[in-house]
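Residue strings, one per chain:
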Amino acid sequence: MPKTQTNLFGEEDIENLHTLNKEKNASNIKKVEAIKSQKGLSLLRNVQFIYELALAKKELISFGLDFHIANDFRTFEVSSPQDVNLLKRRLAYFWSMDGIITDYYQIIKYNQTTSVNQYLTHWIYPYKGKFHPQMIRALLNIMQVREGETILDPFVGSGTAALECQLLGINFIGIDISPLCYLLSRVKTESIDVIEEIEKIKKEILSNPEKIKNIKNEKARNFFIIAQMVAHSDSARRGRNYTFSFHSNTEKMLKSLKDYIEVKNKLNLRLGKVDIVRTDVRNLDLQEESIDGIVTSPPYSIALNYVVNDSHSLQALGYSLKKISEDFIGVRGSGLNKFKLYDEDMAVAYEQMYRVLKKGKYCAVVIGNVTFQGEEIDTTQIAIDTCLKIGFKLVSKMEKIIYGLYNVMQKEYILIFKKE
Ligand SMILES: C[S@@+](CC[C@H](N)C(=O)[O-])C[C@H]1O[C@@H](n2cnc3c(N)ncnc32)[C@H](O)[C@@H]1O
């Protein structure tokens, strides 16, 4: 059994490492050396919940590490050989490893918001029901998805999994029925390709937004359309001035793109290819056994009406709410029939997911139960039963807290299935 050892230095010290390195006085040199010689893996400061600790342990196990948790519950001492470079690039819940700072810790510093999860372009558009990006990174590790492999999210929403896969060099296919999600996921992952074009036309577009529709470059046009959608959301939900919000969000989005390019260069990231398709998951046009892993979160039964929730943006994009509602799972139908349709639609969706997944690969589903007329409906168990019937094997069910002042739901589940 390895000796119990807690780390002497914390994240704050590592933050000062560069400054300390520059100011080369004797005591600082000592401190830098001490940080560098620090042994073991240290959990990031934002790791606070049991499910996060469980995922952190699982990601280490997936990399084949033997470890021992110290008495501080934040330091993991590793007693097996390790691929330091791989761990540095991949780990989600740790900020340092034997004095080496992980990529993730450096990536999350590039954040234009005050919310710890909203680094790089994750923050763009206040989409309700977003994944926790750190959790996605950990799940990709746990599922042992490697660079160059392909992950599918058939309910891609605001594109959280798309960006996390891209950062890890994992190829990604994202599906969503919502035209807003289609644009949003593309903008978060594609706009860095056209940053020069965006900067060139910014002044002209901000003074005359009418010209957005004439922008020839599709990626640059999408960037400004989404900046408008953020402004629509800001004015509809928070009563902000639309023009002011359009200007300030365009600038903030641009800063996030610069951040993305800077961190990509700094860490020498090889980005994964991202393909976003606007279609209905029930008609998934992908080849049988072509996908190396699935990470997704479907609508939680009828819990959230995605059409009503983003009505201001969908209307601004020129869509009829009534018409598009017909294809949204969990929104289709009325009264009690909604539940029946949801179960039928999700059975088809899970069948499609099973069909396209390669044998021996994993499918992670984040889902929660819904309360209807005071009664809890076990959407999670329905999902498990449906998947087992199709042929999936359930390898893990983990409870996850939903943290936030305004959340109605208290918990959800992370289910991991395997296609054997
Ligand atoms: C829980 S959200 C996904 C959120 C996402 N994980 C994120 O991080 O933003 C569920 C998504 O399912 C999409 N959806 C609903 N019906 C669909 C269908 N028939 N085909 C594909 N996507 C659908 C909704 O538009 C919504 O974006």
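Residues numbered from 1 in each chain as written. Predicted model: local features only at pLDDT ≥ 70, side-chain atom pairs only at ≥ 80, totals over all residues. Heavy atoms only, no water.

Helix and strand counts for the protein come out as 17 helices and 14 strands. Its C-alpha atoms give the protein a radius of gyration of 22 Å, within 12% of the compact-globule value 22 Å for 420 residues. Burial analysis of the protein (420 residues in total) assigns 55% to the buried set. Excluding contacts between residues fewer than 6 apart, the proportion of contacts in the protein whose partners are at least 24 apart in sequence is 70%. Surface exposure of the protein reaches about 19,200 Å², of which carbon and sulfur atoms provide 49%. Placing the 57 positive and 51 negative side-chain charges of the protein at their respective mean positions leaves the two points 3 Å apart. (Helix = DSSP H or I, 4+ residues; strand = E, 2+ residues; numbered from the N terminus. Rg over C-alpha atoms; globule rule 2.2 N^0.38 Å. Buried < 20%, exposed > 50% of the residue type's maximum accessible area, 1.4 Å probe, protein only. Contact = heavy atoms within 4.5 Å. Areas by Shrake-Rupley, 256 points an atom, 1.4 Å probe, with all protein chains shown as cover. Lys, Arg positive; Asp, Glu negative; His and termini not counted. Charge placed at Lys NZ, Arg CZ, Asp CG, Glu CD.)

Around the ligand, the surrounding shell holds 24 residues, and the nearest of these are Tyr-127, Phe-131, Ser-158, Thr-160 and Asp-176. Contacts to the ligand include Phe-131, whose backbone N or O atom sits 2.9 Å from an oxygen atom. For the ligand, a nitrogen atom lies 3.1 Å from a polar atom in the backbone of Asp-327. Compared with its free state, where it exposes 600 Å², the ligand has 99% of that area covered by protein. In terms of residue class, the shell around the ligand is made up of 13 nonpolar, 7 polar and 4 charged. (Near = heavy atom within 4 Å. Polar contact = N/O pair within 3.5 Å; in protein donor to acceptor, adjacent residues only side chain to side chain. Nonpolar A, V, L, I, M, F, W, Y, C, P; charged D, E, K, R; others polar.)

As a further point, take the sheet that holds strand E1 (residues 41–43). Ordered by their spatial adjacency, 5 strands build an open sheet running E2-E3-E1-E4-E5, and the pairing between neighbours is antiparallel. Edge strands, defined here as strands with exactly one partner in the open sheet, are strand E2 (67–69) and strand E5 (100–101). With 2 bridges connecting them, strand E4 (residues 94–97) and E5 associate as antiparallel partners. Across the sheet, Ser-96 pairs through a bridge with Ile-101, a residue of E5. This element, helix H4 (residues 50–62), spans E1, E2, strand E3 (75–78) and E4 of the sheet and lies at about 160° to E2. (Pairing = 2+ DSSP bridges. Axes fitted to C-alpha atoms, helices over the stretch in contact; angles between N-to-C directions.)

Before going further, it helps to spend a moment on the sheet that holds strand E9 (residues 291–296). Read across the open sheet, the 7 strands follow the order E8-E7-E6-E9-E10-E14-E13; overall the sheet is mixed. At either end of the open sheet lies a strand with only one pairing partner, and these are strand E8 (274–278) and strand E13 (393–401). Neighbouring strand axes in the sheet, compared pairwise and without regard to direction, differ in orientation by 15° on average. In terms of strand pairing, E13 meets strand E14 (residues 411–418) through 8 bridges, oriented antiparallel. Note on E14: the bridge partner recorded for Ile-401 is Lys-411. Along the sheet, helix H7 (residues 133–142) makes contact with strand E6 (150–153), E9, strand E10 (357–367), E13 and E14, crossing E14 at roughly 25°. The sheet strands contacting helix H9 (residues 179–190) are strand E7 (171–176) and E8, and the helix crosses E8 at an angle near 165°.

You can read the domains of the protein as domain 1 (11–107) and domain 2 (133–185 + 269–418). Between the C-alpha centres of domain 1 and domain 2 the distance comes to 32 Å. Taken together, the 20 residues of domain 1 in the interface contact 25 residues of domain 2. With both sides pooled, the region where domain 1 packs onto domain 2 buries about 1,900 Å², and carbon together with sulfur makes up 60% of that total. Linking domain 1 to domain 2 there are 1 salt bridge. Across the pair Glu-147 and Arg-89 runs a salt bridge whose closest N-O atoms are separated by 2.7 Å. Here domain 1 is connected to domain 2 by 10 residue pairs in polar contact (both at pLDDT 80 or more). Elements with a contribution of two residues or more to the side of domain 1 that touches domain 2: H4, helix H5 (84–90) and helix H6 (103–107). It is H4 that contributes the most residues to the side of domain 1 that touches domain 2, 7 residues altogether. (Domains from an automatic or database assignment. Buried area = accessible area lost by both parts, 1.4 Å probe. Salt bridge = Lys/Arg side-chain N within 4 Å of Asp/Glu carboxyl O.)

Here we take up H9. An ideal rise of 1.5 Å per residue puts 16 Å on 12 residues; H9 measures up with 16 Å between its terminal C-alpha atoms. For H9, the buried fraction is high: 11 of the 12 residues fall into the buried class. Pro-179, Leu-180, Cys-181, Leu-183, Leu-184, Ser-185, Arg-186, Val-187, Lys-188, Thr-189 and Glu-190 are the residues of H9 that are buried. Where H9 begins, the capping side chain belongs to Ser-178, and its oxygen is found 3.2 Å from the backbone nitrogen of Leu-180. (Expected span 1.5 Å × (residues − 1).)

Time to look at the packing of aromatic side chains. Within this structure, the stated rule accounts for 11 aromatic pairs. Here Phe-223 and Phe-224 contribute two aromatic rings whose centre-to-centre distance is 5.2 Å and whose plane-to-plane angle is 85°, an arrangement assigned as edge-to-face. The exposure class of Phe-224 is buried, given its relative accessible area of 0%. Here Phe-339 and Phe-372 contribute two aromatic rings whose centre-to-centre distance is 4.8 Å and whose plane-to-plane angle is 65°, an arrangement assigned as edge-to-face. Linking Phe-339 in helix H16 (residues 337–356) with Phe-372 in strand E11 (residues 370–372), this pair joins segments that are 33 residues apart in sequence. Looking at Phe-339, the relative accessible area reads 12%, which means it is buried. With relative accessibility at 26%, the residue Phe-372 sits in the partly exposed group. Over the face of the ring belonging to Trp-123 we find Lys-252, whose NZ or CZ atom lies 4.3 Å from the ring centre. It is Lys-419 that lies over the ring of Tyr-354; its NZ or CZ is 4.6 Å from the centre. (Phe/Tyr/Trp six-rings, centres within 6.5 Å; stacked < 30°, edge-to-face > 60°. Lys NZ or Arg CZ within 6 Å of the ring centre and 35° of its normal.)

With that settled, the discussion passes to the layout of surface pockets. By volume, the second largest pocket amounts to about 190 Å³. What lines the second largest pocket is a set of 13 residues, among which Arg-89, Glu-147, Asn-268, Leu-269 and Arg-270 lie closest to the centre. Counting residues per element, the lining of the second largest pocket draws most heavily on H5, at 3 residues. For the lining of the second largest pocket, a count of residues per class yields 4 nonpolar, 2 polar and 7 charged. Shared between two domains, the lining of the second largest pocket takes at least three residues from each, and those domains are domain 1 (11–107) and domain 2 (133–185 + 269–418). (1 Å grid on protein atoms, 1.4 Å probe; cavity = no way out; pocket = protein on both sides within 12 Å on 5 of 7 lines; lining within 4 Å. Points joined across faces, edges and corners; volume = space filled by probe spheres on them.)

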